[in-house]
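Structural overview for review
Each chain is listed here by its residues.
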Amino acid sequence: MTPEITSFIIIFIFLVIIFSSFVSVKQGTIVVITVFGKYRRILTPGLNFKIPFIESIYSKISIQNRSVELEFQAVTFDQANVYFKAMLLYSVLDQQEETIKNVAFKFVDDRNLMQALIRTVEGSIRAFVATKRQSEVLILRRDIVEHVKEQLDVILEGWGYHLQDLQLNDITFDDVIMKSMSQVVASNNLKAAAENEGQALLITKTKAAEAEGNAIKISAEADRQASQLRGQGVALFREEVAKGMSVAAKEMKDANMDTSVILFTMWTESIKHFAEHSQGNVIFLDGSTENMQKTMKEMMALNLLHDDKVKK
């Protein structure tokens, strides 16, 4: 072997030793180091140094959250089959050395860990459901999750893990039970719809009655005000007529004329007004001398009564 080849081999071995002395650990990962099969220490994320050919990497442990989906069956107290679909979220408890040792050496590999974890969750849920009736399972979803967490936290901490969350995504029963539940729900929906329709009809009728009552009240108030205004109008008309008659009678009296003439004239004007504005076709008047004298006396008495009121 030539000196050049020997030098090349030495350099190559030296480089291998140098490069194998450095270990790069990814973020979110912890590396477990052993010496001749015995635990030695852990390496944190970043560039680390290890003794070549003496220290070796036993395992790389992820400290990130991990999830697993579960599907299993349980039986209730009244012998009903319940089918669960769940999602389990867990992670390494912390980055302390003792915790990492538990994670690294408690199980042979991740497959055995997952099998133990799944069976523990299923067993906890089955034990809880076995004490409940089929009708109670759906409303106890939160209680089931809390029960599993309480039972599992202590066990997982001994393995170096922590249960982050457990979600029961789906809970179903046998087809016969599901159909029966659907019929009950449909019946309840129909009953609720009928009750809502009845309440809506009652509200509609009540509102209509209130509206009709308000309309009647408004109409009655309008009629009352109209009647009052008509009465006031008639009173004002009579007052103005009396004033006009009084003024005319006074002027004729000052002129030494008989006041009965103006009364007769106003009476004939009234008859003319009736004829022009009346909706009828015939006006019946007593044109006898006695009746005309009677009417004139009444009008004169009305005029005298108005004068007395004015003087007072």
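Structure first, text after, so check above.
Below you will find a few notes about this structure. Since the structure is predicted, the reported quantities are computational estimates derived from the model, not experimental observations.

Some thoughts on the sheet that holds strand β7 (residues 81-92)
Whether parallel or antiparallel, the strands of a sheet pair through hydrogen bonds between backbone atoms. If you walk across this open sheet you meet the three strands as β6-β7-β8, and the pairing is antiparallel. Taken across any chain shown, the strands that pair with only one partner, and hence form the sheet edges, are β6 (66-75) and β8 (161-173). Each neighbouring strand pair of the sheet contributes to a mean axis angle of 20 degrees, computed without reference to strand direction. Both β7 and β8 contribute to a ladder of 11 bridges, which runs antiparallel. Directly across from valine 82, in β8, lies its bridge partner phenylalanine 173. The strands touched by helix α5 (residues 141-159) are β7 and β8; relative to β8, the strand with the most contacts, the crossing angle is about 145 degrees.

Concerning the pattern of salt bridges
Pairing is possible between side chains that carry opposite charge, provided their charged atoms lie close to one another. Enumeration over the complete set of coordinates arrives at five salt bridges. Here glutamate 122 and arginine 126 are joined by a salt bridge, their closest N and O atoms 3.6 Å apart. Of this pair, glutamate 122 and arginine 126 both sit in helix α3 (residues 110-129), four residues apart, which is roughly one turn of the helix. The class for arginine 126 is partly exposed, based on a relative accessible area of 35%.

Describing the nonpolar core
Residues Phe84, Ile125 and Ile144 are the most contacted members of the largest nonpolar core, which totals 38 residues. When residues of this core are traced back to their parent elements, those giving at least two are β2 (29-35), β6, β7, α2 (97-105), α3, α5 and β8. Broken down by element, this core gets its largest block of residues, seven residues, from α3. Once residues lying within four places of it in the same chain are set aside, the contact partners of isoleucine 125 are Phe72, Phe84, Ile144, Val148, Leu166 and Leu168. Counting residues in hydrophobic clusters, the runner-up holds five residues, among them Val23, Val25, Val31 and Leu43.

Section: the pairing of β2
In terms of burial, β2 is a largely internal element, seven of the seven residues being buried. With burial as the criterion, each face of β2 is covered, one bearing Thr29, Val31, Ile33 and Val35 and the other bearing Ile30, Val32 and Thr34. Relative to strand β5 (residues 55-62), β2 runs antiparallel, the two being bridged by seven bridges. By the bridge assignment, valine 35 is partnered in β5 with glutamate 55.

A closer look at the side chain of asparagine 48
Take asparagine 48: it is sitting in strand β4 (residues 46-49). Apart from residues lying up to four places away in sequence, asparagine 48 is in contact with Ser21, Phe22, Val23, Val25 and Leu43.

Overview of α2
In an α-helix there are 3.6 residues to a turn, and that puts residues three or four apart on one side. Restricting attention to buried positions, one finds in α2 the residues Thr99, Ile100, Val103 and Ala104. Here the buried residues of α2 occupy an arc of 130 degrees about the axis, which is enough to place them on one side. Buried residues along α2 sit against β2, β3 (38-43), β5, β7, α5 and β8.

What counts, and at which threshold
Residues numbered from 1 in each chain as written. Predicted model: local features only at pLDDT ≥ 70, side-chain atom pairs only at ≥ 80, totals over all residues. Heavy atoms only, no water. Pairing = 2+ DSSP bridges. Helix = DSSP H or I, 4+ residues; strand = E, 2+ residues; numbered from the N terminus. Axes fitted to C-alpha atoms, helices over the stretch in contact; angles between N-to-C directions. Contact = heavy atoms within 4.5 Å. Salt bridge = Lys/Arg side-chain N within 4 Å of Asp/Glu carboxyl O. Buried < 20%, exposed > 50% of the residue type's maximum accessible area, 1.4 Å probe, protein only. Core = buried A, V, L, I, M, F, W, Y, C linked by side-chain atoms within 4.5 Å. Arc of directions from axis to C-beta.

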